[in-house]
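# Examining the three-dimensional arrangement
The lines below spell out each chain.
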Amino acid sequence: MKRRGTAGGIGRSRPGRAARTRRTVRLLVTVALAVGLSPALAPTPVFAHGATRSIAPADGAALPDAPRQVAVVFAAEISQVGAVTITDRAGRDWAGGRPAVQGATLTQQVATGMPDGGYRISWRATFTDGHPVAGTSEFTVGAQAAAAVAANPFRARVTSGGLVALQAAAGAAVLALLLAIIALARGVYPTGERADSTR
């Protein structure tokens, strides 16, 4: 009788362990989803279908002298421009005159007298099919900045675009973790059910 009672206790404990396993897996899945969705929900510098084909100066570029203009080449033709700014760290806009559009290329003249320092290009435009596109790019001006990037090329990659790429990589890693958790859960549940049914 005691053995039966012990077996019954063990039999009753197995469903409890299975329930705890399910709760643990659900918690892990919830955490993984929360972490994985955070980079996807974070604001990114480009929306719609048309990313950019090229930007001049390139994102993260270090120029010895100030550029005369900036240019953004999109993956499709644009019909109108909302705004283009070239701001320094203090917030001053160095865009000179109105932007020009030719097909998929957007150009913006740079005001004269641009000093050495860091700058951010921001743009908003609309494709011919009505979809909006927006983005940012960064560059620096000055012989010292150019020399520093030449000595350490990694510095040129630490930009807003690089941060977006880092977010995408983090999201992919979390997705892989989520898939591993799901695979583990599928392996745990049937095993527990078979063990309970045999006993």
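About the cut-offs
- Per chain, the residues get numbers from 1 upward, laid out in the order the sequence is written.
- Predicted model: local features are reported for residues with pLDDT of at least 70 only, side-chain atom pairs are reported and counted for 80 or more only, and whole-chain, interface and lining totals are derived from all residues.
- Heavy atoms throughout the structure, all of them, feed into the side-chain values; hydrogens and water do not.
- Any two strands between which DSSP finds at least two bridges are classified as paired.
- Numbering of helices and strands starts at the N terminus; helices are DSSP runs of H or I of at least 4 residues and strands are runs of E of at least 2.
- In this analysis, axes come from line fits to C-alpha atoms, helices being fitted only over the stretch in contact, and the angle between any two N-to-C directions falls in the range 0 to 180 degrees.
- Think of a nonpolar core as a cluster: buried Ala, Val, Leu, Ile, Met, Phe, Trp, Tyr and Cys residues, connected wherever their side-chain atoms sit within 4.5 Å.
- Any residue under 20% of the maximum accessible area for its type is buried, any over 50% is exposed, and the rest in between are partly exposed; the area is computed with a 1.4 Å probe on protein chains only.
- Contact definition: two residues touch when any of their heavy atoms are within 4.5 Å.
- Candidates for patches are residues over 30% relative accessible area with no salt bridge; among them, like charges are joined within 9 Å and nonpolar side chains (Val, Leu, Ile, Met, Phe, Trp, Tyr) within 5 Å.
- Here, Shrake-Rupley sampling with a 1.4 Å probe gives the accessible areas, and only protein chains in the shown set may cover a residue.
- We define a salt bridge as a side-chain nitrogen of Lys or Arg found within 4 Å of a carboxyl oxygen belonging to Asp or Glu.
- Ring pairs shown here join Phe, Tyr and Trp side chains whose ring centres sit within 6.5 Å, with only the six-membered ring taken for Trp; geometry is labelled stacked below 30 degrees between planes, edge-to-face above 60, and tilted in between.

Attention now goes to the sheet that holds strand β5 (residues 100-102). Ordered in space as β1-β3-β6-β5, the 4 strands form an open sheet in which the pairing is antiparallel. Every other strand in the sheet has two partners, leaving β1 (52-56) and β5 as the edge strands with one partner each. Within the sheet, the average angular offset between the axes of one strand and its neighbour, ignoring direction, is 15°. Sheet analysis places β5 next to strand β6 (residues 105-109), joined by 3 bridges and oriented antiparallel. Residue pairing for β6: Ala100 is matched across the bridge by Thr107.

Formed by 21 residues in total, the largest nonpolar core has its most connected members in Phe74, Ile86, Met114, Tyr119, Trp123 and Phe139. Looking at this core, the elements with two or more residues in it are β2 (61-63), β3 (69-74), β4 (78-88), β7 (117-127) and β8 (132-141). Broken down by element, this core gets its largest block of residues, 5 residues, from β7. Here Ile86 is in contact with Val70, Arg92, Asp93, Trp94, Ala95, Gln108, Gln109, Val110, Met114, Tyr119, Arg120 and Phe139, once residues within four sequence places are set aside.

There is a patch of nonpolar side chains on the surface, built from Leu175, Leu179 and Ile182 and spanning about 260 Å² of accessible area. Mapped onto the secondary structure, Leu179 falls in helix α3 (residues 160-198).

This part is about the sheet that holds β8. Within the open sheet, the 4 strands sit side by side as β2-β8-β7-β4. Their pairing is mixed. Where the open sheet ends on each side, the last strands, each with one partner, are β2 and β4. The sheet shows a mean angle of 25° between the axes of neighbouring strands, direction not considered.

Before going further, it helps to spend a moment on the packing of aromatic side chains. The relation between two aromatic rings is expressed through the spacing of the ring centres and the mutual angle of the planes. As enumerated under the stated definition, the model contains 2 aromatic pairs in all. With 6.0 Å between their ring centres and 85° between their planes, Phe74 and Phe127 make a pair best called edge-to-face. Pair noted here: Phe74 is in strand β3 and Phe127 is in strand β7, with a separation of 53 residues, a long-range link. The class of Phe127 is buried, set by a relative accessible area of 1%.

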